[in-house]
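So the chains spell out like this:
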Amino acid sequence: MKRNALLSSTSVSLGTLACTGRFALAFSVLLLLLRFLTPNLFWHLFTPVFRIADAFSTESRLFFNSFGDTAELASQNEILSNKNTVLANENQALLKKETDLEAILGSPATVGNSVSGISAGVVTRPPESPYDTLVIAEGSRAGIARGQEVFGNGGVPIGVVSSVLTDFSHVTLFSSPNMTITGFVGKSNISFLITGAGAGALQASIARSANVAVGDIVFVPGPGMLPIGSITRIDDDPSSPSMTLRIMPALNLFSISWVVVRETGTTLFDAFLHASSTSSLP
Amino acid sequence: MIRRVFTFFSFVSVIFFPWPFTVLLVLVSSCTEPLVPLAVGIFADTLYYVPSVGTLPLFTLYGAVVTIIAFFVRSRLRTGIIKR
């Protein structure tokens, strides 16, 4: 009797497999069902696990850093301390200028346009999260709604809230593939579209005639012009009318631990909807 | 025993380590446990996939592909005369 070697029923039978694989699959399917049926409970269960992972990551980083060159580390520390002092002085000078301008021009109408937002801890982040998304530990109970903008330390915009649970929310980062946002660069504030490149990076295509250089700060609209990152590389092909800008976010998304969520009133969510038009929003 | 350890660490690495390390562990595990890539892929997407991202649940899809390949390779080994 002839036997089909490719589709042998005995070779692919589940009965021939070790129980470990079947148990692993059953475990995953069970968790998947749990997430679909009770997503809030699911994240309450897994948040402590991610906290342990964070602690483990911090400890391991400290351990490996202990092997570093102490002289080099001390030198870097001194440079950073100096920069910190300079920035603090500049900040004080700007505050003084702002106070003087307010005295001359009058206080701006800040009432009703508060820049405060909802602070939330980050549960998961890249690179563990492969889709350039964050899970944050605040949800609709704290007032978070889909489409609100998410800011990192220093008021750097990093993404937009894409789905909300009772106590948790998902944030899609601007670096997520297919995410699109309008940005500005250069002295003449040239407008262009920034797209996510994955792994925390951004990229953009701009006309070759644009006067931009490596190191230029890229801004996005918000309450004012907000820096989102800086140009780290320009890929300029002479045969192409445009050049590609590689943009590094101003904030290290791989170590972000808390964010601020607030409504900015910009058209970010429209951009987000455009970026995710291939799928239905939950 | 070793296959259980690899399977366990594949799941743990989804939470504790960057995803390329997880992929490496899963590929090693698939040599002895063909269902592990699919299981770990579902687990990773359960944790991280957001439908509104506009992308497919890639880890589940890639896990399924690796599982099919692992089954195929096992079937070829079983039908080979060397294993008889």
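Residues numbered from 1 in each chain as written. Chains lettered and ligands numbered in written order. Predicted model: local features only at pLDDT ≥ 70, side-chain atom pairs only at ≥ 80, totals over all residues. Heavy atoms only, no water.

**A few points about the confidence of the model for chain B**
Residue and element names in this part refer to chain B.
Piece 1. Per-chain confidence: chain B averages 82 in pLDDT, with 88% of residues scoring 70 or above.
Piece 2. The weakest mean pLDDT in chain B belongs to helix 1 (residues 2-16) at 84; the strongest belongs to helix 3 (residues 36-48) at 89.
Piece 3. In the model output, the complex is listed with pTM 0.70 alongside ipTM 0.82. (pLDDT = per-residue confidence, 0-100. Helix = DSSP H or I, 4+ residues; strand = E, 2+ residues; numbered from the N terminus.)

**Considering the sheet that holds strand 7 (residues 190-198) of chain A**
Residues and elements named next belong to chain A.
Piece 1. Strands sit in the order 6-7-8-11-10-9 around a closed barrel of 6 strands; the barrel is antiparallel. Pairwise comparison of adjacent strand axes, ignoring direction, gives a mean angle of 45° for this sheet.
Piece 2. Pairing of strand 9 (residues 217-222) with strand 10 (residues 224-236), which is carried by 6 bridges, proceeds in the antiparallel orientation. By the bridge assignment for strand 10, Phe219 is matched with Pro227. (Pairing = 2+ DSSP bridges. Axes fitted to C-alpha atoms, helices over the stretch in contact; angles between N-to-C directions.)

**Looking at unusual backbone geometry**
Piece 1. Not every positive phi belongs to a glycine, and Asp132(A) is a case in point at roughly 55°.
Piece 2. Mapping Asp132(A) onto the fold places it in the loop between strand 1 (118-124) and strand 2 (133-136).

**Side note on the pattern of salt bridges**
Residues and elements named next belong to chain A.
Piece 1. Within this structure, the stated rule accounts for 3 salt bridges over all chains.
Piece 2. Ionic pairing is found between Asp167 and Arg141, a salt bridge with its closest N-O pair at 2.7 Å. Here Arg141 lies in the loop between strand 2 and strand 3 (149-151) and Asp167 lies in the loop between strand 4 (157-164) and strand 5 (169-173), a separation of 26 residues in the sequence.
Piece 3. Asp167 sits in the buried class, given a relative accessible area of 16%.
Piece 4. For Arg141, a relative accessible area of 63% corresponds to the exposed category.
Piece 5. Residues Asp235 and Arg233 are paired through a salt bridge, measuring 2.9 Å at the closest nitrogen-oxygen approach.
Piece 6. For Asp235, a relative accessible area of 24% gives the class partly exposed.
Piece 7. Residue class for Arg233 comes out partly exposed when judged on its relative accessible area of 46%. (Salt bridge = Lys/Arg side-chain N within 4 Å of Asp/Glu carboxyl O. Buried < 20%, exposed > 50% of the residue type's maximum accessible area, 1.4 Å probe, protein only.)

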